[in-house]
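# Secondary and tertiary structure notes
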Amino acid sequence: MPAFAWILARTPLPVAAAIASFLSWLWWTVVPVRKGLAVRNLRSSLPDAAAGPVLRRMMSGLVLGYFELLRELRLPGSVDLALEGAEALVERSRRGEGTLLLAGHLGSWDLLGPMVARRMGIPVTVVVKVPRSKGVAELMERVRTGFGLGLLNNRRGTMPRVYELLAEGQLVAFVLDQRLARGVAVPFFGRPAPTAPALGAAAARSGLPVYFLEYWREGTARHGARVTGPLPTTGRPEEDTAAFTALLEEAIRRRPHSWLWLHDRWKGAPATV
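These remarks concern the structure in this document. For every chain, the first residue of the written sequence is number 1, and numbering continues from 1 onward in sequence order. For a predicted model such as this one, the threshold for reporting local features is a pLDDT of at least 70, and the threshold for listing and counting side-chain atom pairs is 80 or more; totals across whole chains, interfaces and linings nevertheless cover every residue. For side-chain calculations, the full set of non-hydrogen atoms in the structure is used, while hydrogens and water are omitted.

### Some thoughts on the nonpolar core
A general tendency of soluble globular proteins is for nonpolar side chains to be buried together. With 82 residues, the main nonpolar core has L55, L102, M120 and W261 as its most contacted residues. Of all the elements, helix α4 (residues 51-74) adds the most residues to this core, at eleven residues. Those residues within four positions of L55 in sequence are excluded, and the remaining contacts are W27, W28, A38, V39, L42 and W261. Here the nonpolar core consists of buried residues drawn from Ala, Val, Leu, Ile, Met, Phe, Trp, Tyr and Cys, with membership extended through side-chain atoms lying within 4.5 Å. To sort residues, take the accessible area from a 1.4 Å probe on protein chains only and compare it with the maximum for the residue type: under 20% means buried, over 50% means exposed, and anything in between is partly exposed. Secondary structure counts use DSSP, requiring at least four H or I residues in a row for a helix and at least two E residues in a row for a strand, with both numbered from the N terminus. Between two residues, a contact is recorded if the distance between any of their heavy atoms is within 4.5 Å.

### Overview of the environment of G121
Looking at the element boundaries, G121 is found in the loop between α6 (109-120) and β3 (124-128). Classification of G121 by relative accessible area gives exposed; the value is 64%. With 28 residues separating them along the chain, G121 and S93 place their C-alpha atoms 9.6 Å apart.

### Looking at the sheet that holds strand β8 (residues 210-219)
Spatially, seven strands are ordered β1-β9-β8-β2-β5-β3-β4 in an open sheet, and the strand pairing comes out mixed. In the strand order of this sheet, the two ends are held by β1 (80-84) and β4 (150-153), each with one partner. Averaged over neighbouring strand pairs, the angle between their axes works out to 25 degrees when direction is ignored. Alignment of β3 against strand β5 (residues 171-175), held across four bridges, turns out to be parallel. When the bridges of β5 are listed, V126 appears paired with A173. Its contacts with the sheet put α4 on β8 and β9 (222-228), and the angle it makes with β8 is roughly 95 degrees. Axis angles are defined between N-to-C directions and span 0 to 180 degrees, where every axis is a line fitted to C-alpha atoms and, for a helix, only to the segment in contact. Docked against the sheet, α6 engages β1, β3, β5, β8 and β9, running at close to 65 degrees with respect to β1. Strands were regarded as paired on the criterion that DSSP finds at least two bridges between them.

### Concerning unusual backbone geometry
With an omega of 5 degrees, the peptide bond between G229 and P230 qualifies as cis. With respect to the element layout, P230 can be found in the loop between β9 and α10 (237-254). You will see that R34, though not glycine, has its phi angle at about 65 degrees, which is positive. Structurally, R34 can be placed in the loop between α2 (13-29) and α3 (35-45). Although it is not a glycine, F189 adopts a positive phi angle of roughly 55 degrees. With respect to the helices and strands, the residue F189 is situated in the loop between β6 (184-188) and β7 (191-195).

### Description of the pattern of salt bridges
Side chains that differ in sign of charge can pair as their charged atoms come close. Criterion for a salt bridge: a side-chain nitrogen of Lys or Arg within 4 Å of a carboxyl oxygen of Asp or Glu. Under the counting rule described, the total for this entry stands at twelve salt bridges. A salt bridge links R161 to E164; the shortest N-O distance between them is 2.9 Å. Taken together, the residues R161 and E164, both in helix α8 (residues 159-167) and three residues apart, mark about one turn of the helix. The class of E164 is partly exposed, set by a relative accessible area of 42%.

### As for the packing of α2 against α4
Look at α2 against α4: their axes get within 8 Å of each other, and the N-to-C directions meet at 140 degrees. If you check the angle between α2 and α4, you find them oblique. For the element pair α2 and α4, the recorded crossing hand is right-handed. Charged means Asp, Glu, Lys or Arg here, nonpolar means Ala, Val, Leu, Ile, Met, Phe, Trp, Tyr, Cys or Pro, and polar covers whatever is left, Gly included. Broken down by class, the residue content of the contact of α2 with α4 amounts to 15 nonpolar, four polar and four charged. Our angle categories are set so that under 35 degrees counts as roughly parallel, over 145 as roughly antiparallel, 65 to 115 as roughly perpendicular, and the remainder as oblique. The handedness criterion is simple: a crossing whose near helix is rotated anticlockwise from the far helix by less than a right angle is left-handed, and one whose near helix is rotated clockwise is right-handed.

### A word on the side chain of H263
One can find H263 in the segment after α10. Setting aside residues no more than four positions away along its own chain, H263 makes contact with R34, L37, N41, D177, Q178 and R179.

### Observations regarding the packing of α3 against α4
Two elements in contact, α3 and α4, have axes separated by 10 Å at closest approach and are oriented at 120 degrees. Between α3 and α4, the angle falls in the class oblique. You can see that α3 and α4 cross each other, and the crossing is right-handed. Facing α3, whose interface residues are A38, V39, L42 and R43, α4 presents A51, V54 and L55. Residues belonging to the contact of α3 with α4 are distributed by class as follows: six nonpolar, no polar and one charged.

### Considerations on the environment of I252
Tracing the backbone through its elements, the reader meets I252 in helix α10. Each C-alpha atom of the pair I252 and L64 lies 19 Å from the other, and the pair is 188 residues apart in sequence. Sequence-distant contacts of I252, defined by excluding residues within four places in its chain, comprise L106, F188, F189, W259 and W261.

These results come straight from atomic positions and should not be treated as a statement about function.
This is how it looks when you write it as structure tokens:
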């Protein structure tokens, strides 16, 4: 494990929270990397929200989440997770039935996704976008697989493997709130956003149910997560993609500070849907 990860894993959580808060302030006032994009995204989506408090809280939670992630990997049980509604997923897995899962970049997603998978104790594979940095990609792969989470690159040609995993009775998760230039444009906060139709297509082809995983921070080293579903689907991928995106929007509206506003979610979309 790189030296910085070794240090983060051993930082006391109250100290980590203070560091995260300071780095959030530093980002907002001194080193505003992608701050302008985040402010534009938030104001275009939630014009009544106060950008400063929301985005600083977002950044603080983002930083703290990686302290918690590495600490939890070293000392399982050091982060508390209250998980609701996962019984149906566990039962389906025990019966050898595949399941689809909708997720997004809510809260400390790199921590909560693996923790939920470990808590359920069933085979889970997530379709992920691999970071451009080779070092970061290798570190995140080691961390995620350390929790027992399977990974599948979201490049072209991955869907046959998705169907194989579903046939084996696995749960396959799709993180659907990132921009996909070649995706379908669906409404997201009143604007068209290019979105991967893969989850909708998998639901239509397989006939398997889709569940929604929402997670959020409740405090330092304290998180909540809830599984809901099965979600209604039509068998028409574009319509279902729009419905899945609407669910993510509802979750973001509940906790605006929990979403990653740094992402250029609407880039390249048509003027209207």
